[in-house]
Amino acid sequence: MEIAVHIKRTDVFKLHLIQTLCAKSTYVIVFCIFLIVFGLISFKHGLPISMPNFVSYIQSSTSIAVGGIFSLYILSIFTLMVLFKKNYGGLKGYECQISTEGICFNGTSGETHIKWGGIQKVHLINSYILYDLGGSKSFFIPKHCFKSSEEFENFINHSKSLLNEAKKYKPKNDTVNKTNHEMSISVAINRTKAFSCNCALFLKTKPLYIGLFVVTIAVGLLLLFKIGLPETADHWFLLFKISIIACVGTIVCSFIFLIIGTFSRYPRKTNNTHQVFYEANTEGLLIKTSICESTIKWNKINNIKDMKSFIYLQYNLVQSSYIPKIYFDSPDKYQNFASYVMRQWKDAKDAKT
């Protein structure tokens, strides 16, 4: 079965809203914010000693908790709308075909094939078919892409039956072996190696230092607004010390998010099923795992960096990968691969412009 998928901005907005309202994590976050606010109010004004005070505390905590989660939702949906064109290819769409082998996507950025073994579950959420790949990864097909409701129902029923058959007769995962091709490499990154790559990339990115500058200026302005212009050297030193503490806190929080992201994405130990095979050719970059195979055209890759100890590949603003130098047989082979990839990518970008 085959369907032409056409993603609209309203689809992203509606599905994100539905998932937010249905997710247990949303209400857990609201409850945590409620407890924190209730505790801060009680710490500042004392425990409620009467029913009116208790009701007032509850109302204030609930309002702030709901307002906080609403603000987070507005920020996340704004980010999704800004990144819509890069993540979904604007309004160009792509072809989606399901078969006993898996799901195949063919669009302007390249071709991707996902085996049924790589799909955890097929959901029907409102008027969307959602394919859950595990973790936070998923993709969806809107109902408006189908000519009729019957065709929509047949597509989702066929997807579920193929997924159930694949789980029932689950074959062994194929290993991805390294070939003798000069411009190919097979890697399997664990959490330790991924975290070192994340840190190296994070410490060399401009947004980090721009963020630190913004935090320093913001903290300084808030302090000046609250206590006025410092009149002594001690006051200036206090202002400087608080700004440094704010910058250190920003860096620490950033590294905490890096650790959380690394632990959620990469395994502690790797085996053959975690191998990722990369092959660079004139058409694009072939990426193959035991459950998925994708070819991405060079001009559809957002950014490629040679970090000397690894190659950083940024496919869009939310997806990226690393190819460490240690997986190559020699430094020369790494350099040849990195130079070829960079040249193909730059040539494709120049041709596009």
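Up top is the structure.
Residues numbered from 1 in each chain as written. Predicted model: local features only at pLDDT ≥ 70, side-chain atom pairs only at ≥ 80, totals over all residues. Heavy atoms only, no water.

Topic: the overall build of the protein chain
To be explicit about the condition: Each helix is a run of DSSP H or I of at least 4 residues and each strand a run of E of at least 2, with the numbering of both proceeding from the N terminus. Burial classes: relative accessible area under 20% of the type maximum marks a residue as buried, over 50% as exposed, and values in between as partly exposed (1.4 Å probe, protein chains only). It only takes one pair of heavy atoms within 4.5 Å for two residues to be counted as in contact. Exposure was quantified through the Shrake-Rupley algorithm and a 1.4 Å probe, taking into account, for residues, occlusion by the shown protein chains and nothing else.
Broken down by element type, the protein chain carries 9 helices and 14 strands. Counting only residues that meet the buried cut, the protein chain has 35% of its 353 residues in that class. Contacts in the protein chain between residues far apart in sequence, at least 24 positions, make up 61% of those at least 6 positions apart. Of the roughly 21800 Å² of accessible surface on the protein chain, a fraction of 62% belongs to carbon and sulfur atoms.

With respect to the packing of helix H1 (residues 9–22) against helix H3 (residues 51–82)
Quick note on the threshold: Axes here mean lines fitted to C-alpha atoms, for a helix over just the part in contact, with angles spanning 0 to 180 degrees between N-to-C directions. Angle categories: roughly parallel below 35 degrees, roughly antiparallel above 145, roughly perpendicular from 65 to 115, and oblique for all the rest. Should the near helix be turned anticlockwise from the far one by less than a right angle, the crossing is left-handed, and should it be turned clockwise, the crossing is right-handed. Amino acids outside the nonpolar list (Ala, Val, Leu, Ile, Met, Phe, Trp, Tyr, Cys, Pro) and the charged list (Asp, Glu, Lys, Arg) are all regarded as polar, and Gly is one of them.
Interhelical geometry of H1 versus H3 gives an angle of 150 degrees and a closest axis separation of 10 Å. One finds that H1 runs roughly antiparallel with respect to H3. For the element pair H1 and H3, the recorded crossing hand is right-handed. Note on element contacts: H3 touches H1 through Tyr73, Ser76, Ile77, Leu80 and Met81, opposite Arg9, Val12, Phe13, His16, Leu17 and Thr20. Here the contact of H1 with H3 is built from residues that sort into 7 nonpolar, 3 polar and 1 charged.

Re the side chain of serine 320
By secondary structure assignment, the location of serine 320 is in strand E14 (residues 320–324). Setting aside residues up to four positions removed in sequence, serine 320 forms contacts with Arg265, Tyr312, Leu313, Gln314 and Tyr315.

Here's the deal with the nonpolar core
Stated formally: What makes a nonpolar core is a set of buried Ala, Val, Leu, Ile, Met, Phe, Trp, Tyr and Cys residues whose side-chain atoms join them at distances within 4.5 Å.
Formed by 34 residues in total, the largest nonpolar core has its most connected members in Tyr278, Leu285, Trp298, Ile304, Leu313, Ile323 and Phe337. Looking at this core, the elements with two or more residues in it are strand E8 (184–187), helix H6 (191–202), strand E9 (276–280), strand E10 (284–288), strand E13 (310–314), E14 and helix H9 (331–352). Looking at this core element by element, the count peaks at 8 residues for H9. Apart from residues no more than four positions distant in its own chain, tyrosine 278 is found in contact with Met183, Ser184, Ile185, Val187, Leu285, Leu286, Ile287, Leu313, Tyr315, Ser321, Tyr322 and Ile323.

Some remarks on the packing of aromatic side chains
Aromatic rings in a pair are described by how distant their centres are and how their planes are angled relative to each other. Filter applied, for reference: We call Phe, Tyr and Trp rings a pair once their centres come within 6.5 Å, taking the six-membered ring for Trp, and we label the pair stacked below 30 degrees between planes, edge-to-face above 60, and tilted otherwise.
Scanning the entire structure with this criterion turns up 11 aromatic pairs. With centroids separated by 5.8 Å and ring planes inclined at 85 degrees, the aromatic side chains of tyrosine 128 and phenylalanine 140 adopt a geometry described as edge-to-face. Taken together, the residues span a long stretch of sequence, with tyrosine 128 in strand E6 (residues 128–134) and phenylalanine 140 in strand E7 (residues 137–142) at a distance of 12 residues. Here tyrosine 128 falls in the buried class, since its relative accessible area comes to 2%.

Some points on helix H2 (residues 24–45)
Think of an α-helix as turning once every 3.6 residues; residues three or four places apart then point the same way. Our working definition: Under the convention used throughout, the expected extent of a helix is 1.5 Å for every residue step, that is, one less than its residue count. This arc corresponds to the set of directions leading from the helix axis out to the C-beta atoms.
Its 22 residues give H2 an end-to-end C-alpha distance of 32 Å, which sits within 8% of 32 Å, the value for a rise of 1.5 Å per residue. Turning to H2, its buried residues number three or more, namely Thr26, Phe34, Val37, Phe38, Ile41 and Ser42. Buried residues of H2, seen end-on, are gathered within an arc of 135 degrees and therefore sit on one face of the element. Exposed residues pointing more than 90 degrees away from the buried face of H2 are listed as Lys24, Ile36, Leu40 and Phe43. Buried residues along H2 sit against H1 and H3.

Brief notes about the packing of H6 against helix H8 (residues 233–265)
At a minimum axis separation of 10 Å, H6 and H8 run at an interaxial angle of 145 degrees. The chirality of how H6 crosses H8 is right-handed. When H6 is examined against H8, the residues Arg191, Ala194, Phe195, Asn198, Cys199 and Phe202 are found in contact with a partner set consisting of Ser254, Phe255, Leu258, Ile259, Thr262 and Phe263. Grouping the constituent residues of the contact of H6 with H8 by class yields 8 nonpolar, 3 polar and 1 charged.

Quick notes on the pairing of strand E12 (residues 303–306)
Our working rule: Strand pairing is assigned whenever DSSP identifies at least 2 bridges connecting the two strands.
Here E12 runs beside E13; their pairing, made up of 4 bridges, is antiparallel. Across the sheet, residue lysine 305 finds its bridge partner in E13, namely tyrosine 312. Connecting E12 to the next strand, E13, in antiparallel fashion are 3 residues, including lysine 308 with a positive phi near 75 degrees.

Topic: helix H5 (residues 149–168)
For H5, with 20 residues, the first-to-last C-alpha span of 28 Å sits near the 28 Å given by 1.5 Å per residue. Taken as a whole, H5 has its buried residues at Phe152, Phe155, Ile156, Ser159, Leu162 and Leu163. Down the axis, H5 shows its buried residues gathered within 125 degrees of arc, on one side only. When the buried face of H5 is taken as reference, the exposed residues oriented beyond 90 degrees from it are Glu150 and Lys168.

Notes on the sheet that holds E14
Spatial strand order, E12-E13-E14: 3 strands in an open sheet with antiparallel pairing. Bordering the open sheet on either side are E12 and E14, each of which pairs with just one other strand. Neighbouring strand axes in the sheet, compared pairwise and without regard to direction, differ in orientation by 10 degrees on average. Its contacts with the sheet put H6 on E12, E13 and E14, and the angle it makes with E14 is roughly 105 degrees.

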